[in-house]
Amino acid sequence: MTLHASQRLAMRALVVNDDLHSDCVAGRAIRSLADNLIARGVNVVEALSANDAALISTADSAIQCVILDWDIGKGGKDDHKDASKVLKQIRARNSNVPIFLLAERSRASSIPLEAMQQADDFIWLLDDTPDFISGRIVAAMERYRNQVLPPMFGALARFSRIYEYSWHTPGHTGGTAFLKHPAGRAFFEFFGEDLLRSDLSISVGELGSLLDHTGPIGESEKYAAHVFGSHRSYHVTNGSSTSNRVILMSSVTRDDITLCDRNCHKSVEHAMTLSGALPVWMIPSRNYLGIIGPIYPERLTKAAIKKSISDNPMVTGDIDPTPMHAIITNSTYDGLCYNVTKVEKLLGQSVDRLHFDEAWYGYARFNPIYKDRHAMHGDPKDHDPDGPTVFATQSTHKLLAALSQASFIHIRDGRNPVEHHRFNESFMMHASTSPQYAIIASNDVSSAMMDGPGGVTLTTESIREAVAFRQTISRLNAEFGQKKEWFFNAWQPDKIKNGGGKKVAFHEVAEEKLVTDPSCWVLHPGDEWHGFHDLEDDYCMLDPIKVSVVTPGVGLDGKLAKSGIPASVITAYLDQQGIVVEKTTNFTILFLFSMGITQGKWGSLINAFLDFKRDYDANIPLNRALPKLVKGNPGRYENMGLKDLADEMFEAMRTIKSVEFMSKAFSILPKVEMSPVQTYERLVKGDIEPVSLDKIAGRVMATGVVPYPPGIPLLMPGENIGPADGPLLGYLKSLETFDSQFPGFGHDTHGVENIDGKYFIQCLKKESSASKSKAKSKSRKK
C-alpha cells in the first residue's frame, strides 16, 4: 500500500525527560503535555536519558521538535551536564529544529548563555495549560516544516498535493495511465504515487524553468551557489559527463588549445570532438601500485605548458598557441586531492579559465580537513577578479545524497569569464526540454543536507567510519605479521607522528587526530608508502574516505614478489558474498566510504576479508569458494582450489608482464596524427575498419581506447598506437593474453571488441596514394 506524503511527513516530537513514567507532579504534567500533542496529531518519541536522546536524535532525522528537561540526569539541578550535552549534539547536526527547554521559572535566570542560544523557547509546565503549551509547540513545528525543505523540492512537494487535472505531458498524468495495465500497475506500486505525481512537464509554470533558471528552480540554483560557495550554480540532469561538455563548449571552439589532464573522463574527449578544440595533454604521475597521482607542479609552470604546446604536432603555424582552458581531475579516482591554491597560481600564469572535474568530490567544501583542496575553496567574495575564472563539476549522486544523473556546475567568475547569457546557450544545447524534476529536487536536497552544521557532521561521520576501518585493517595486518602470516593492508601512511612528535603505527594513532588533522594524509616527500617520489610537500593529499585495500604481490619498487594474490580473485570472492566493490586493479580494491556507510557494513567487509584468508590458506575448492565462476567455466576451473587460481593468475601476470607494460604504457604520450574532431568526421563517414592487435602496429585510432579500471585513456582518437614492440601495443596484448587464459576475469576496455579471444580496435583506413595526392593538391590550392 502506498503511503501519501502527509503520512510520511507526520509531525514528530522528541520528549527528553526522566520523569515521564514517574508519579510525581512533574511526571504527570509532562505526560499530560505528551497526550495533548498526540491529540493534535503529533507522534511523540520518548527518551528517558541523555544517552537515549543522543541516539534517537542522531538516528531519526524525522524529529521536528525536541522538548528537553533542563534537569535531566543524575546531576539534575546541580550541573545540567546531561541537558547541555543533548543540546550540543542536536545543534551539531541541525541548527534549525526547534528545541524547548523545560525549566522551573525560578531557575530560568541561571541558564547559561550558550544553552539559551541553542534553545528556541522555554516551557514552565506548572504555570501554563498543556493545551496552550502544545499549541506553541505545534506552531513551532509548522514553521520548521515550512523552512526545512529547500526551494525547488518544497515547491514540488506542495504542487504534487494540489491534485489538479493535467492536460499536458507526461502522458501518464501523475501515474494514472500505469493503472490501466498489470505491468503498469506493478510499476506504479513499486515507485509509489508521490514520485509519479512529481514527474511533471515544463508546462507547470509554478516550478519555474531549468532552461531559463527561473522560479523555484532558479531559486534552488541560487541556494546551491550559497551552499557550495560559487558565484553561479546550475542543475544538470544527465551527470557530470554532460556538465563537462557544457563547460567546455561554452569556453572553447574549433582549434582552440585546451590543456587536458590525461587522467580525464571520456566526456572530456567528447567535448573536444564536439567543440573542435585541440587537446594538449598534461601527464599525471603513477606509483608502484599503478595508482594515478597528481600532475607534478613542475609540469604546470608557464615554461612547461609552453613547451607542451610547441611539442604538439597539431599546433601548426596558423593556430594561436595561447591556451584558452585547462581541465584537471580533482580528486583522482583513487582519492588524491590537489592543493588547489597552488594549482591556480601555477596554471593561472598560462590560462584564464580553470576547470576542475570534481565528480567524486562534491563533499569537500563541507569539512575543514579538505581546506584549500577543492575548486570552490574559501569565501566566494574573496575570489580575485583578476585571477582565473574557475569551474567545477560535481556528481552529487556519487558521494552526496542525490538520484543518479544529478550533477552541479559551479562557477566563480574571474578574468575572461563566460557570462551567463553565453554560458546558457551551451547549457540549453545539452539540457533536455523535458527534465526529470525528481533529479533536480534531489540536487536541491543535497544542498540542504550540506547547509549549516549538517554538512560538517555528515562528512565527519564518513571520515570517522573510514578511519575506523583503516585502523582495523592496519591492526590486523600487524597482528598477522607478528605471526609471520599474510593479510591485507590499506594504501595509507604506515606511521604518523603523534602529539609528541614520535612516529607510531597507523593503528596506534588517536582516531580524532586522523579524523581532523590533514597533515596525517598529506603525501610528504621521502615517505615510501605513497610511491610518488620528489613530490613537493603539501601539494597532494589522500582523501581518507577513498580506501584502497592492497593485496599481497608487489613491492615498493613496483616489482612482483615471489608470490601474490591478484585483486580480481578477491573481488570475485566478495561478490559471491554480496559485496560489490567500486574498482579493482592488479593489486588494489577501492572502497568508497560515502554517507551511507555504517560500522555494520564495513564490519561485514572485515569479516569477508578474514573469510577469504581462511579459505585461501586452506585452498578450498573453487566450486565452494566461487561456484558461479565454476558453473560458467566448468572445464577450466572445476578441479582447482582458491589458492591454485590465485597462484596461476599471479604467475601469468609475471610471464605476460602486464604490470610492467601498464606502467610503461601510461608514462608516454602517443603520437598525435589527427585532432578528435577530424577523426570523428572520418568515423561518421565510415572511413574506419576493425583491426586485430597482430596487424595494428602503426595504425591511427578511430575511437578512444580506455581500459577499465581505472578508466583513463590509453589512446585517444587520432593517436597512433605505435610500433609492434612498443609499450602501448605490448600492454593491450598482455590484456588479450590474460583474458584468453582466465575466462570470467576479462578486462573491460572501452574501444576494444573481444571476438573469439582476439582484440579488435576500430582504426582509420589507410589512405591510398591517390587519396594522399588529392589531399595535398587541395591543401596547395588553399
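Residues numbered from 1 in each chain as written. Predicted model: local features only at pLDDT ≥ 70, side-chain atom pairs only at ≥ 80, totals over all residues. Heavy atoms only, no water.

## Quick word on the pairing of strand 13 (residues 407-412)
Among the 6 residues of strand 13, 6 are classified as buried, and the element is accordingly described as predominantly covered. With burial as the criterion, each face of strand 13 is covered, one bearing S407, I409 and I411 and the other bearing F408, H410 and R412. Sheet topology places strand 6 (residues 232-236) next to strand 13; 5 bridges connect them, and they run antiparallel. In the strand pairing of strand 13, H235 is matched with F408. Examined bridge by bridge, strand 12 (residues 389-394) and strand 13 share 5 bridges and lie antiparallel to one another. Following the sheet pairing, V390 is matched in strand 13 by R412. (Buried < 20%, exposed > 50% of the residue type's maximum accessible area, 1.4 Å probe, protein only. Helix = DSSP H or I, 4+ residues; strand = E, 2+ residues; numbered from the N terminus. Pairing = 2+ DSSP bridges.)

## Comments concerning the packing of helix 11 (residues 215-228) against helix 18 (residues 437-450)
Running from N to C, helix 11 and helix 18 point in directions that differ by 35°, and their axes come no closer than 9 Å. The two elements helix 11 and helix 18 cross, and the hand of that crossing is left-handed. Only Y437, I440, D444, S447, A448 and M450 of helix 18 make contact with helix 11, whose side of the interface consists of I217, S220, Y223, A224, V227 and F228. Its residues assigned to classes, the contact of helix 11 with helix 18 shows 9 nonpolar, 2 polar and 1 charged. (Axes fitted to C-alpha atoms, helices over the stretch in contact; angles between N-to-C directions. Left-handed = near helix turned anticlockwise from the far one by under 90°. Contact = heavy atoms within 4.5 Å. Nonpolar A, V, L, I, M, F, W, Y, C, P; charged D, E, K, R; others polar.)

## As for the sheet that holds strand 19 (residues 583-584)
Within the open sheet, the 4 strands sit side by side as 14-18-20-19. Their pairing is antiparallel. Either end of the sheet is taken by a strand with one partner, and the two such strands are strand 14 (489-490) and strand 19.

## Quick word on unusual backbone geometry
In this structure, S331 follows N330 across a cis peptide bond, with omega equal to -5°. Phi at T173 is positive, roughly 40°, even though this residue is not glycine. In this fold, T173 is placed in the loop between helix 8 (151-160) and helix 9 (182-191). In the Ramachandran plot, N416 falls in the positive-phi region, its phi being about 50° despite a non-glycine side chain. Structurally, the position occupied by N416 is in the loop between strand 13 and helix 17 (420-430).

## As for the packing of aromatic side chains
In total, this model carries 33 aromatic pairs according to the counting rule given. The interplanar angle of 85° and the centroid separation of 5.7 Å between the aromatic rings of Y338 and Y539 together place this pair among those described as edge-to-face. With Y338 in strand 10 (residues 336-338) and Y539 in the loop between helix 20 (511-516) and strand 17 (540-542), this residue pair connects regions lying 201 residues apart in the sequence. When its relative accessible area of 1% is taken as the criterion, Y539 is described as buried. Each ring, one from W491 and one from W529, has its centre 5.1 Å from the other, and the planes form 55°; the classification is tilted. Pair noted here: W491 is in the loop between strand 14 and strand 15 (495-497) and W529 is in the loop between helix 20 and strand 17, with a separation of 38 residues, a long-range link. An identical accessibility class is assigned to W491 and W529; each is buried. Ring pairs connect the aromatic residues F480, W486, F487, F488, Y573, F591, F609, F612 and Y616, which therefore count as one cluster. The ring of F666 has R286 sitting right over it, with the charged end atom 4.0 Å from the ring centre. (Phe/Tyr/Trp six-rings, centres within 6.5 Å; stacked < 30°, edge-to-face > 60°. Lys NZ or Arg CZ within 6 Å of the ring centre and 35° of its normal.)

## Points about helix 11
Given a rise of 1.5 Å per residue, 14 residues ought to cover 20 Å, and the 20 Å separating the end C-alpha atoms of helix 11 matches this to within 8%. Those residues of helix 11 hidden inside the fold are in contact with helix 8, strand 6, strand 12, strand 13 and helix 18. Phi turns positive, to about 80°, at G229, one or two residues after helix 11. (Expected span 1.5 Å × (residues − 1).)

## Quick word on the environment of P297
Following the sequence through the fold, P297 ends up in the loop between strand 8 (278-282) and helix 14 (302-311). Not counting residues up to four positions away in its chain, the partners in contact with P297 are L346, E536 and Y539.

## What about a nonpolar patch on the surface?
On the surface, F187, F190, F191 and L195 cluster together to form a nonpolar patch covering roughly 400 Å² of accessible area. The greatest single-element share of the nonpolar patch, amounting to 3 residues, is contributed by helix 9. The residue F190 is located in helix 9 in this model. (Patch = residues over 30% accessible without salt bridge, like charges linked within 9 Å, V, L, I, M, F, W, Y side chains within 5 Å. Areas by Shrake-Rupley, 256 points an atom, 1.4 Å probe, with all protein chains shown as cover. Salt bridge = Lys/Arg side-chain N within 4 Å of Asp/Glu carboxyl O.)

## Overview of the environment of T472
Note that T472 resides in helix 19 (residues 453-482). Given the relative accessible area of 15%, T472 is considered buried. Residues T472 and V45, spaced 427 residues apart in sequence, show a C-alpha to C-alpha distance of 35 Å. Among all residues touching T472, those that are not within four sequence positions of it are W602 and I606.

## Things to note about the confidence of the model for the chain
A residue-level look at the chain finds 94% of positions with pLDDT of 70 or above and a mean pLDDT of 90. Here residues 1-8 is a poorly scored stretch, pLDDT under 50, and it has 11 contacts once near neighbours within four places are set aside; other chains count. Low pLDDT, under 50, characterises residues 768-782; the stretch is placed with 1 contact to residues that sit more than four places away or in other chains. (pLDDT = per-residue confidence, 0-100.)

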